[in-house]
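Structure assessment
What follows is the residue order along each chain.
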Amino acid sequence: MADAVTSQTLIDGNQIAIFKFTNVSDGSGESAVVKVDVSALAANARGDACTGVTIEKIWWQCIGMKVQILFNASTNVFCIELGENQSGHHDYTTFGGLTNNAGTGKDGDVLFTTVGHTSADTYTIIMSMRKEYG
């Protein structure tokens, strides 16, 4: 079996993308699963393809497990961990957001890894991201 996961695009606009992610775990968890594939996001008004995102806000609730958010690269780069049995709203816009500082092999994608997952653990995460073109 596998965790029951959903990924829902709420907004994929010219500058902003907002997604909702859920997981009801069967105990198998997720390991570096692509949640935001920037190559699949809509191009801007000039037709430029999205090449990356900056995380501006996160609304989240994790029950029974943690979720690590990673930037994809040859060696994935840790961005932030959302705590077990916690919920919150993080707003990073004051300092420009959580930028992708991955190095070699960076492709702009955002990944999730669950930590400490057991059967019936859950998460719900909503992320607002500023799209980048280059």
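Details of the structure are given in the entry above.
Here the structure is a predicted model, which means the values were calculated and not measured.

1. Some points on the sheet that holds strand E4 (residues 50–63)
Read from one edge of the open sheet, five strands run E1-E2-E9-E4-E7, paired in antiparallel fashion. Only two strands of the sheet have a single partner each, and these edge strands are strand E1 (4–12) and strand E7 (86–91). Strand after strand, the sheet turns through a mean of 20 degrees between neighbouring axes, direction not considered. Relative to strand E9 (residues 119–133), E4 is paired through twelve bridges, and the arrangement is antiparallel. Paired with glutamine 61 across the strands is threonine 124, a residue of E9.

2. A few points about the nonpolar core
Ile55, Ile58, Ile69, Phe112, Ile125 and Met127 are the most contacted members of the largest nonpolar core, which has 30 residues in total. Elements with a minimum of two residues in this core: strand E2 (16–26), E4, strand E5 (66–71), strand E6 (77–82), strand E8 (110–115) and E9. Among the elements that line this core, the one with the most residues is E4, at six residues. Setting aside anything within four residues of it in sequence, one finds isoleucine 58 in contact with Ile69, Ile80, Leu82, Gly88, His89, His90, Tyr92, Ile125, Ile126 and Met127.

3. Some points on the sheet that holds E6
Sheet strands line up and pair through hydrogen bonds in the backbone, either parallel or antiparallel. Taken in spatial order, the four strands of this open sheet run E3-E8-E5-E6, and their pairing is antiparallel. Across the chains shown, the open sheet's two edge strands, defined by having one partner strand only, are strand E3 (33–36) and E6. Pairs of neighbouring strands in the sheet enclose a mean axial angle of 35 degrees, with direction left out of account. Looking at chain direction, E5 and E8 are connected through six bridges and run antiparallel. Within E8, the residue paired with lysine 66 across the bridge is valine 115.

4. As for the pattern of salt bridges
The final tally for this structure, using the stated rule, is five salt bridges. Across the pair aspartate 12 and lysine 131 runs a salt bridge whose closest N-O atoms are separated by 2.6 Å. Taken together, the positions of aspartate 12 in strand E1 and lysine 131 in strand E9 put the pair 119 residues apart, joining distant regions of the chain. Arginine 46 is paired through a salt bridge with aspartate 48; the nearest N and O atoms lie 3.1 Å apart. For aspartate 48, a relative accessible area of 30% gives the class partly exposed.

5. Describing the environment of asparagine 14
As for its placement among the helices and strands, asparagine 14 is situated in the loop between E1 and E2. Its relative accessible area of 38% is what places asparagine 14 among the partly exposed residues. Sequence spacing of asparagine 14 and glycine 108 is 94 residues, and the spatial spacing of their C-alpha atoms is 17 Å. Residue contacts for asparagine 14: discarding those within four places in its chain leaves Asn44, Ala45, Lys131 and Tyr133.

6. Observations concerning the packing of aromatic side chains
In total, this model carries four aromatic pairs according to the counting rule given. The interplanar angle of 20 degrees and the centroid separation of 5.8 Å between the aromatic rings of phenylalanine 19 and phenylalanine 21 together place this pair among those described as stacked. For phenylalanine 19, a relative accessible area of 6% translates into the label buried. With relative accessibility at 0%, the residue phenylalanine 21 sits in the buried group. Taking 6.0 Å as the distance between ring centres and 65 degrees as the angle between the ring planes, the aromatic pair formed by tyrosine 92 and phenylalanine 95 counts as edge-to-face.

Each value, and the rule that gives it
Residues numbered from 1 in each chain as written. Predicted model: local features only at pLDDT ≥ 70, side-chain atom pairs only at ≥ 80, totals over all residues. Heavy atoms only, no water. Pairing = 2+ DSSP bridges. Helix = DSSP H or I, 4+ residues; strand = E, 2+ residues; numbered from the N terminus. Axes fitted to C-alpha atoms, helices over the stretch in contact; angles between N-to-C directions. Core = buried A, V, L, I, M, F, W, Y, C linked by side-chain atoms within 4.5 Å. Buried < 20%, exposed > 50% of the residue type's maximum accessible area, 1.4 Å probe, protein only. Contact = heavy atoms within 4.5 Å. Salt bridge = Lys/Arg side-chain N within 4 Å of Asp/Glu carboxyl O. Phe/Tyr/Trp six-rings, centres within 6.5 Å; stacked < 30°, edge-to-face > 60°.

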